[in-house]
Amino acid sequence: ILGDIYYNTSGYDSALICYQMSLISLIKDFSDTDIYANPKKVYNPDAISQYDILYKKANAFRQKFQENSNLEFLKAAFEIYNLIDELNDHSRNSKMADVSLLMINELFRAEYENGIDCGYQLYAKTGDISYLNDTYTLMEKGKYMLFFKSLSLVEKVDNVDLPINLKSIEDSLKSQYS
């Protein structure tokens, strides 16, 4: 919470320190106080708060970049967005329920958008094609998540038992638009 107060008052350096301390307190075997350091693996799908702190840390680095155009801040943010994406990959490949996956994906949808923005800015400023490749990967995963969410919604709707009169109206509408 203290990190959020600093962030909301443009105290990004202090916010980053608070977010780093939060990561240290939440993640076993992670003790690096350097704000540029990130945990290598945080494969704990039950710990959404860890994702949240990483996301806030990335946003604080983005804001620092907006203030002074230092590419190191933008690179740090992009690295964190990619770490969050890696964690999301692990969650998607785990045995989590679809509802849990949808919740995580909805919470961190902006991570893809911000990551794509960071990657494109890095490519535009450096000309390094690897940033463009990583950006493309994030963009494709974002589309995948939108498709997954839509497919899950369709499955839920298809599994609902509609009263017979509504079912006949639905069938009639489907035939009209086919």
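Residues numbered from 1 in each chain as written. Predicted model: local features only at pLDDT ≥ 70, side-chain atom pairs only at ≥ 80, totals over all residues. Heavy atoms only, no water.

Caption draft 1: Expanded view of the overall build of the chain. Check the secondary structure of the chain and you find eight helices and zero strands. When the helices and strands of the chain are placed in sequence order, the string is α-α-α-α-α-α-α-α. A total of 178 residues make up the chain; the buried ones form 37% of that total. Working note: accessible area of the chain is about 10,700 Å², and carbon and sulfur atoms make up 56% of it. (Helix = DSSP H or I, 4+ residues; strand = E, 2+ residues; numbered from the N terminus. Buried < 20%, exposed > 50% of the residue type's maximum accessible area, 1.4 Å probe, protein only. Areas by Shrake-Rupley, 256 points an atom, 1.4 Å probe, with all protein chains shown as cover.)

Caption draft 2: Quick look at a nonpolar patch on the surface. Residues I1, L2, I5 and Y6 make up a contiguous nonpolar surface patch of roughly 430 Å² in combined accessible area. With respect to the secondary-structure elements, Y6 resides in helix 1 (residues 2-8). (Patch = residues over 30% accessible without salt bridge, like charges linked within 9 Å, V, L, I, M, F, W, Y side chains within 5 Å. Salt bridge = Lys/Arg side-chain N within 4 Å of Asp/Glu carboxyl O.)

Caption draft 3: Region of interest: the side chain of K57. If you trace the backbone, K57 turns up in helix 3 (residues 48-68). In this structure K57 is buried but unpaired, with D34 as the nearest side chain of opposite charge at 7.5 Å. Not counting residues up to four positions away in its chain, the partners in contact with K57 are L16, Y19, Q20, L23, I35, A37, N38 and I80. (Lys, Arg positive; Asp, Glu negative; His and termini not counted. Contact = heavy atoms within 4.5 Å.)

Caption draft 4: Region of interest: the nonpolar core. Counting residues in hydrophobic clusters, the biggest one holds 30 residues, and the most contacted among them are L23, L54, F61, F78, I80, Y81 and C118. Among the elements of the structure, helix 2 (12-26), helix 3, helix 4 (71-93), helix 6 (109-126) and helix 7 (129-158) are those that each provide at least two residues to this core. Broken down by element, the residue count for this core peaks at ten residues, all from helix 4. When sequence neighbours within four positions are dropped, the list of residues in contact with C118 reads R62, L74, A77, F78 and Y81. (Core = buried A, V, L, I, M, F, W, Y, C linked by side-chain atoms within 4.5 Å.)

Caption draft 5: Broad picture of the packing of aromatic side chains. In this structure the tally under the stated criterion is five aromatic pairs. Pairing Y36 with F61 gives two aromatic rings, centres 5.2 Å apart and planes at 35°, and the pair type is tilted. A residue pair is termed long-range when its members are at least 10 positions apart, and Y36 in the loop between helix 2 and helix 3 and F61 in helix 3 qualify at 25 residues. Pairing F78 with Y131 gives two aromatic rings, centres 6.0 Å apart and planes at 65°, and the pair type is edge-to-face. (Phe/Tyr/Trp six-rings, centres within 6.5 Å; stacked < 30°, edge-to-face > 60°.)

Caption draft 6: Molecular detail of unusual backbone geometry. Unusually for a residue other than glycine, S10 sits at a positive phi of about 65°. For S10, the position within the fold is in the loop between helix 1 and helix 2. With a phi angle near 60°, S69 is a residue other than glycine that sits in the positive phi range. In this structure, S69 sits in the loop between helix 3 and helix 4.

Caption draft 7: View of the pattern of salt bridges. Following the criterion strictly, the structure yields five salt bridges and no others. In this structure, the salt-bridge partner of K56 is D4, at a minimum N-O distance of 2.8 Å. With K56 in helix 3 and D4 in helix 1, this residue pair connects regions lying 52 residues apart in the sequence. Owing to a relative accessible area of 24%, D4 belongs among the partly exposed residues under this scheme. The salt bridge involving E72 is made with K75; its shortest N-O contact spans 3.6 Å. Here K75 and E72 lie together in helix 4, a separation of three residues that amounts to about one turn. The exposure class of K75 is partly exposed, given its relative accessible area of 31%. A cluster of three or more residues bridged by salt bridges with shared partners is formed by D4, D52 and K56.

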